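Residues per chain are reported as follows:
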Amino acid sequence: MTSTPPPANGPQASPPNGASDIRQHADSNSASAITTTPPTTRRGLPGWAWAALGALVVVAVVVAGSIIAGRHTAGTQPNATSAPGISSSQSVTNSPSTTSTSSTQPTTPAASASPTVTGPTQVGGWTVEILEYSPDVNDILAAADHPVVIEGHKYVGVKLRITNNHSEKADPFLDLGRYIVGTSKGTYYEHYVDTGGYMGDEYLSAIPWLEPDETGEGWLYYQVPGDFTPTGVVFTDDLIDNPTETLVLMPTTD
């Protein structure tokens, strides 16, 4: 018996894309029946997947907008500029000036000259005491072998007793810093330079070097205004680093 192949569009053949699948078969009564299969439809993404995809798109748009806006928006604070030698992590503060525009001077010595004491006083490696104060030594200076030219100025004298407490010998005239302080015309007055050119035997410069624990006495003479009223003498030990100023009060103002 000869077998006949099924037609191209028979039950074994797939219908053209999108066409209905028409199949012909025989029922139990050998009668031909035609059934129609609807075309296959592609299934899309589920609803939750579309919702998630939409959310991702919205987030991406917001982030991109923020970046673009940040690049083109000017800051509300100026850029900090580091001073030379200072890292950007350090804070640089401009302190207001403390210079006073008033012509009135303080009536007391600077606060750094402390403490205020009388009698023998420790000044670094020295012990200093003011023994006497003379409000007028013009005659002494004018009568010296090498007289000081007065020219209407006023000179006052301070007699000191000084002990060297250092471990080595030292010169009290060169190694002990000092300046006289007081008031003139109602305001604070200080004078640093004593009469260094004076060569009298009683002057402090005539004291030889003091050995450790040795004591010497001598005068210092200062040119001051005619109405000068003394407060004391400020001393520093110039043999040490960063010496502290110490104000020693005058014992009398005779």
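Everything below is about the structure shown above.
Residues numbered from 1 in each chain as written. Predicted model: local features only at pLDDT ≥ 70, side-chain atom pairs only at ≥ 80, totals over all residues. Heavy atoms only, no water.

1. Side note on the overall build of the protein
Part 1: For the protein, the count of helices and strands is 3 helices and 11 strands.
Part 2: Each helix and strand of the protein, placed in order from N terminus to C terminus, yields the pattern β-β-α-β-β-β-α-β-α-β-β-β-β-β.
Part 3: Counting the 254 residues in the protein, one finds 28% classified as buried.
Part 4: Long-range pairs, those at least 24 residues apart, make up 66% of the contacts in the protein with a sequence separation of at least 6.
Part 5: When the accessible surface of the protein is split by element, carbon and sulfur atoms take 54% of a total near 17,300 Å². (Helix = DSSP H or I, 4+ residues; strand = E, 2+ residues; numbered from the N terminus. Buried < 20%, exposed > 50% of the residue type's maximum accessible area, 1.4 Å probe, protein only. Contact = heavy atoms within 4.5 Å. Areas by Shrake-Rupley, 256 points an atom, 1.4 Å probe, with all protein chains shown as cover.)

2. Observations concerning the sheet that holds strand 5 (residues 126–134)
Whether parallel or antiparallel, the strands of a sheet pair through hydrogen bonds between backbone atoms.
Part 1: Here we have 4 strands laid out as an open sheet, ordered 4-5-6-9, and antiparallel in their pairing. Each edge of the open sheet is held by one strand with a lone partner, namely strand 4 (121–123) and strand 9 (215–224). Neighbouring strand axes in the sheet, compared pairwise and without regard to direction, differ in orientation by 35° on average.
Part 2: Bridging between strand 5 and strand 6 (residues 154–164) involves 8 bridges; their strand directions are antiparallel. Bridge pairing links Val 128 to Ile 162 in strand 6. (Pairing = 2+ DSSP bridges. Axes fitted to C-alpha atoms, helices over the stretch in contact; angles between N-to-C directions.)

3. A look at the nonpolar core
Part 1: One finds Leu 141, Val 158, Leu 160, Ile 180 and Phe 235 to be the most contacted residues of the largest nonpolar core, which totals 34 residues.
Part 2: Counting only elements with at least two residues in this core, the list comes to strand 5, strand 6, strand 7 (176–184), strand 9 and strand 10 (229–237).
Part 3: Ranked by size, the runner-up nonpolar core spans 5 residues in total, among them Tyr 179, Val 181, Tyr 188 and Leu 247. (Core = buried A, V, L, I, M, F, W, Y, C linked by side-chain atoms within 4.5 Å.)

4. Structural notes on the packing of aromatic side chains
Part 1: A full pass over the atoms with the stated rule returns 7 aromatic pairs.
Part 2: The rings of Phe 173, Tyr 198, Tyr 203, Trp 219 and Tyr 221 are connected pair by pair, giving a single aromatic cluster.
Part 3: In this structure, Lys 169 is placed above the aromatic ring of Trp 209, and the distance from its NZ or CZ to the ring centre is 5.6 Å.
Part 4: A cation over a ring is seen here: Arg 178 above Phe 173, with NZ or CZ 4.8 Å from the ring centre. (Phe/Tyr/Trp six-rings, centres within 6.5 Å; stacked < 30°, edge-to-face > 60°. Lys NZ or Arg CZ within 6 Å of the ring centre and 35° of its normal.)

5. Observations regarding the pairing of strand 10
Part 1: Of all 9 residues in strand 10, 7 are buried; the element is thus mostly enclosed.
Part 2: As paired elements, strand 7 and strand 10 share 8 bridges and run antiparallel to each other. Note that in strand 10 the partner of Gly 177 across the bridge is Thr 236.

6. A look at the pattern of salt bridges
Part 1: Per the stated rule, a full pass over the model turns up 5 salt bridges.
Part 2: Notably, a salt bridge pairs Arg 161 with Glu 129, separated by 3.5 Å at the nearest N-O pair. In this pair, Arg 161 is assigned in strand 6 and Glu 129 in strand 5, connecting sequence segments 32 residues apart.
Part 3: Here Glu 132 and Lys 159 are joined by a salt bridge, their closest N and O atoms 4.0 Å apart. Taken together, the residues Glu 132 in strand 5 and Lys 159 in strand 6 connect sequence positions 27 residues apart. (Salt bridge = Lys/Arg side-chain N within 4 Å of Asp/Glu carboxyl O.)

7. Here we look at the environment of Ile 240
Part 1: Checked against the element boundaries, Ile 240 lands in the loop between strand 10 and strand 11 (246–249).
Part 2: Separated by 65 residues in the primary sequence, Ile 240 and Asp 175 have C-alpha atoms spaced 9.6 Å apart.
Part 3: Apart from the residues lying within four places of it in its own chain, the contact partners of Ile 240 are Gly 124 and His 166.

8. Thoughts on unusual backbone geometry
Part 1: Phi at Glu 151 is positive, roughly 50°, even though this residue is not glycine.
Part 2: Tracing the chain through its elements places Glu 151 in the loop between helix 2 (138–142) and strand 6.
Part 3: Overall, the relative accessible area of 65% leaves Glu 151 in the exposed class.
Part 4: Its identity as a non-glycine residue notwithstanding, Asn 242 has a phi of 50°, on the positive side.
Part 5: Note on placement: Asn 242 falls in the loop between strand 10 and strand 11.
Part 6: Judged by its relative accessible area of 74%, Asn 242 is exposed.

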